[in-house]
Amino acid sequence: MSTTYDTAREGNRNPGRTGGTGQPPHAPGAGVRLLSDCWTMTRREFARWARQPVQAAVGLVFPVMLLLMFGYLVGGGREVEGDYVDYLVPGMLALTMTFGLEGTMLAVTQDLGKGVIDRFRSLPMADGAVLVGRSAADMLHSTVGLAVLTAVGYALGWRADCTPGAFLGAMGLLLLFRFAMLWIGIHLAMVAGKPELVQAVQILVWPVGFLSNVFASPSSMPSWLGTLVGWNPMSQTATAVRELFGGPGGEPGHTGAAVLWPLALLAVFLPLAVRRFARLSR
Amino acid sequence: MTGAIVVEDVRKRYGDKHALDGLDLLVGRGTVHAVLGPNGAGKTTLVRVLSTLLRPDGGRAEVAGHDVVREARAVRSRIGLLGQHAALDEELGGRQNLEMFGRLHHLGARAARARAGELLERFGLADTGRKAVGDYSGGMRRRLDLAASLITDPEVLFLDEPTTGLDPRGRAEVWAAVRSLVGGGTTVLLTTQYLEEADQLADRISVVDRGRVIADGTADELKSRTGGDRIDVVLRDGGLLGAAVALLPFAGDGVSVDADRRLLSAPVTDRMAALAAAVRGLAEAGIEAEDIALRRPTLDEVFLHLTGGEPSALPDKDEARAGEAA
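Note that the structure is predicted; figures quoted are calculated from it, not measured. (Residues numbered from 1 in each chain as written. Chains lettered and ligands numbered in written order. Predicted model: local features only at pLDDT ≥ 70, side-chain atom pairs only at ≥ 80, totals over all residues. Heavy atoms only, no water.)

**Considering the nonpolar core**
When a protein is soluble and globular, its nonpolar side chains tend to lie buried together.
Next up, step 1: If you look at the biggest cluster of nonpolar residues, it comprises 109 residues, and the most contacted ones within it are Met92 and Phe120 of chain A together with Leu98 and Ile205 of chain B.
Next up, step 2: In this structure, Leu46, Val49, Leu50 and Val68 of chain B belong to the second largest nonpolar core, which totals 27 residues. (Core = buried A, V, L, I, M, F, W, Y, C linked by side-chain atoms within 4.5 Å. Buried < 20%, exposed > 50% of the residue type's maximum accessible area, 1.4 Å probe, protein only.)

Written out as structure tokens, the structure reads:
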């Protein structure tokens, strides 16, 4: 292998340099910069999927596996009015949004640990582009996840008995919940800082996920447990989504909670995550 | 005051530890400046302040004519940063990494692609551009990291211990790359624990300890202040060390004797004359030597001379890190 360093040529070509003060000539405005940077971060995610297609596929297939497991192996005898698959699919959609938290947290801790975030911070990127780009990429990932799971549910016989508007509304509620999980994930990653702690969260996500009405109706549980499960923000989203889909387990009046819970979580964790990020410079 | 890097009385404190304790530094445009010091001296903190990653508690720092706090973005578009650990997306290929960083520099898609190709070519990575960075060797990763810090031909390049953990070949590659930058007019600030590295690469050297500059000057100036080069003589018979010291013409101040290792070490001014005198003198007296070698003073010796004491923190983390890399 030969390594040559062409000094003379290098001296003549300065794409980024103006020589004086002020911004380089190619510096775009703040809005364009933010969009462009977010797009670059999203493209990075695409490239990672293309590099690790199996890993990406496993991420998508895992909720499908759960759906099949609970739909056929475990769930046959659940006390749910109507078809269990019609109860289960919307719940699984909500659970998948919760599990997205792990992916966000893992990605952020890896970037922190490898110093990639430091490199981003040393670049003339738009303010907030690192975090906004992360959330754009993860939201896209989750949208694909929703599509896959919905398609599998459809193949299993699940049908949404609703208007297209209600269907989109339900998807919107799910993605709103995912958005809240995303910022919790970023915040936890910034607090934890180390990939080792992601494992703890990956384990803790399970009881939180199961202490909900995803798999079983709270009415089938002991009353204290049913109450606890009812408080789980994910249960609110699942119930509201079931209502919108017109399937079993839906109750009117949960849409408000399914909007307010994620917004409340966002109101807490988004500023915390942003502040944590800003404190990297302290 | 003009200069590519101007640092005045910069302070940074972590709890009750002063990582930077009123540090001053002036680096001329187009020069290579080494910041030499042991671990914990504040080298990395300084680089992080100058590359806008860390906000100083006090003082003022300008890079490429812009204040690192108030005009952080202007600074960022003019610098390149090579941190201690390769800051790359290990799942992506080399080319993908470079293109991504080019886009984040807002070069535009086409220019970013072209630039990535050039840099891969220049650093001998053209045929590995598609391989995932996670599968790169340590030296390759370091070169790609360096390439990533050169995306825009920065006015000022920061290299934080660029060769720590690299094998001699990797070290030589990084040195060659740094030398090639000098002709292009880039200002380079590099931190290192190795006097030899500073000596090889830098026009000027600042020695830091406990967050302050305790000496600076050219390598020659510093060496003359620190006793310059040394000659080490290892004898077959440790009992003859005293006789050997008395016999050698350059013996005097700064001679140290280590009986366990049968070693005597003395500062020299004229390297070749000292070597010849040692060989001749020992031969005439019939004292057998196992080894005679000329060498640069170690960082410990430099500190001993400059501070009259041991360095505040010994460079032991280095070995640990080299072990990690292996």
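From this point, the discussion proceeds with the structure in view.
**Overview of the interface of chain B and chain A**
Next up, step 1: Of the residues lining the interface, 58 residues belong to chain B; the matching set on chain A comes to 50 residues.
Next up, step 2: Where chain B abuts chain A, roughly 4,700 Å² becomes buried across the two surfaces, and 49% of that area is made up of carbon and sulfur atoms.
Next up, step 3: The largest per-residue losses of area from chain B upon contact with chain A belong to Arg73, Glu91 and His106 of chain B, which jointly make up 17% of the total buried on that side.
Next up, step 4: Applying the counting criterion to the chain B and chain A interface returns 7 salt bridges.
Next up, step 5: With its nearest N and O atoms 2.5 Å apart, the salt bridge here joins Asp145 of chain B to Arg119 of chain A.
Next up, step 6: Summed over the shared surface of chain B and chain A, the number is 14 residue pairs in polar contact (both at pLDDT 80 or more).
Next up, step 7: Mapped onto the side of chain B that touches chain A, the elements with two or more residues apiece are strand 1 (5–14), helix 2 (72–76), strand 6 (79–82), helix 3 (94–104), helix 4 (109–122), helix 5 (138–148) and helix 6 (168–182) of chain B.
Next up, step 8: A class-by-class count of the residues in the side of chain B that touches chain A yields 22 nonpolar, 15 polar and 21 charged. (Contact = heavy atoms within 4.5 Å. Buried area = accessible area lost by both parts, 1.4 Å probe. Salt bridge = Lys/Arg side-chain N within 4 Å of Asp/Glu carboxyl O. Polar contact = N/O pair within 3.5 Å; in protein donor to acceptor, adjacent residues only side chain to side chain. Helix = DSSP H or I, 4+ residues; strand = E, 2+ residues; numbered from the N terminus. Nonpolar A, V, L, I, M, F, W, Y, C, P; charged D, E, K, R; others polar.)

**Points about the side chain of Arg178 of chain A**
Residues and elements named next belong to chain A.
Next up, step 1: In this fold, Arg178 is placed in helix 7 (residues 164–192).
Next up, step 2: At 3.2 Å, the side chain of Arg178 and the backbone oxygen of Gly100 are in polar contact.
Next up, step 3: The contacts of Arg178, once residues within four sequence positions are left out, are Met97, Gly100, Leu101, Thr104, Asp138, Met139 and Ser142.

**Digging into helix 3 (residues 53–74) of chain A**
All names here are of chain A.
Next up, step 1: Along its 22 residues, helix 3 runs 30 Å from first to last C-alpha, staying within 8% of the 32 Å computed at 1.5 Å per residue.
Next up, step 2: Considering bend angle alone, the principal kink of helix 3 is centred on Val61 and spans about 30 degrees; proline Pro63 follows within four residues of it.
Next up, step 3: Every buried residue belonging to helix 3 is among Ala56, Pro63, Val64, Leu66, Leu67 and Phe70, and all of these are buried. (Expected span 1.5 Å × (residues − 1). Bend = angle between axes of the 7 residues up to and from the residue.)

**Here's the deal with the sheet that holds strand 11 (residues 230–235) of chain B**
All names here are of chain B.
Next up, step 1: Taken in spatial order, the 4 strands make up an open sheet running 12-13-11-14, and their pairing is antiparallel. Edge strands, defined here as strands with exactly one partner in the open sheet, are strand 12 (256–258) and strand 14 (289–295). For this sheet the average axis-to-axis angle between neighbouring strands, irrespective of direction, equals 15 degrees.
Next up, step 2: Pairing geometry for strand 11 and strand 13 (residues 263–267), over 5 bridges, is antiparallel. (Pairing = 2+ DSSP bridges. Axes fitted to C-alpha atoms, helices over the stretch in contact; angles between N-to-C directions.)

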